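# Analysis of the macromolecular model
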Amino acid sequence: MTQPLTLAYEDFKTILLDRRSIRKYTERPVSVQDIREIIDCARYAPSDTNSQTWEFIAVMNREKIKEIEALTWEALHTRAAEAEQRGLSKEARLLTKSFGPYATAFSDAPVLIVCLATPYNSKFRERIFDPVNLVDDAVWAEEGIKSSCLAAQNLMLAAHARGLATCPMTGPVLLAQDGLRQYLNIRPECQINMVIALGYPAERPARSAPQGYR
């Protein structure tokens, strides 16, 4: 039994170390089957009391992805103009010239996956936590985000193992959450956690140097 387990670990470590955040994609479309497969892997992530506080919206229409990019840029320019009015001209320029392209690097991907965190509910919260006022509601919102992040990592590793590339981004969430929520008709009780660009890679960044142990 030792040999197969060792091989499984080495295979997994290769997937883990070779995954990159990719911002340039080929025109090759991603199949619905591939998207279903990686989302199926995502849902096997651990979650607080098995609450499974996640949902995924797969946007495969390139025009809709471009519209989400436009929403993000519009919000970014609004923020830059506000900063300019407060005398922060340098910061406003950096926001548009440096952060803007970085925050909208999903625009050429054939798929954009919007990761949601759903409300944390469990028998423990219903029967114990809420009656004793264990924590504020904001803490439960964080619980949903934590579990959603675990599922997103599963998704990205599964995508890489399947020959696809991803890039997690929070730019549209930081800048245009309200517009994104309205455009995709996202229920108000769901938090928008991040967006993940998905496609076949058109670049191969070098492996980053690991951080040292502490």
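See the structure printed just above.
Model, not experiment: these values are computed from the prediction.

### Section: a nonpolar patch on the surface
Residues Phe124, Ile128, Val132, Leu134 and Val135 make up a contiguous nonpolar surface patch of roughly 410 Å² in combined accessible area. Among the structural elements, Phe124 can be located in helix α5 (residues 123-129).

### Digging into the state of the cysteines
Taken as a whole and judged by the stated rule, the model has 0 disulfides. No disulfide involves Cys115; its sulfur sits 8.5 Å from that of Cys149, the nearest cysteine. For Cys115, a relative accessible area of 0% gives the class buried. Here Cys167 is not disulfide-linked; the sulfur of Cys115 is the nearest cysteine sulfur, at 12 Å. For Cys167, a relative accessible area of 0% translates into the label buried.

### Focus on the pattern of salt bridges
Summed over the entire model, instances satisfying the criterion amount to 11 salt bridges. Its salt-bridge partner being Asp108, residue Lys66 comes within 3.3 Å of it at the nearest N-O pair. Here the residue Lys66 occupies a position in helix α3 (residues 62-85), and Asp108 occupies one in the loop between α4 (89-103) and β2 (111-117), the gap between them amounting to 42 residues. With relative accessibility at 42%, the residue Asp108 sits in the partly exposed group. Linking Lys146 and Glu143 is a salt bridge whose minimum nitrogen-to-oxygen distance equals 3.1 Å. On the criterion of helical spacing, the pair formed by Lys146 and Glu143 is a turn pair, its members being 3 residues apart in helix α6 (residues 137-161). By relative accessible area, Lys146 is classed as partly exposed at 47%. Using a relative accessible area of 13% as the deciding quantity, one classes Glu143 as buried.

Thresholds, definitions, all that
Residues numbered from 1 in each chain as written. Predicted model: local features only at pLDDT ≥ 70, side-chain atom pairs only at ≥ 80, totals over all residues. Heavy atoms only, no water. Patch = residues over 30% accessible without salt bridge, like charges linked within 9 Å, V, L, I, M, F, W, Y side chains within 5 Å. Areas by Shrake-Rupley, 256 points an atom, 1.4 Å probe, with all protein chains shown as cover. Salt bridge = Lys/Arg side-chain N within 4 Å of Asp/Glu carboxyl O. Helix = DSSP H or I, 4+ residues; strand = E, 2+ residues; numbered from the N terminus. Disulfide = S-S within 2.5 Å. Buried < 20%, exposed > 50% of the residue type's maximum accessible area, 1.4 Å probe, protein only.

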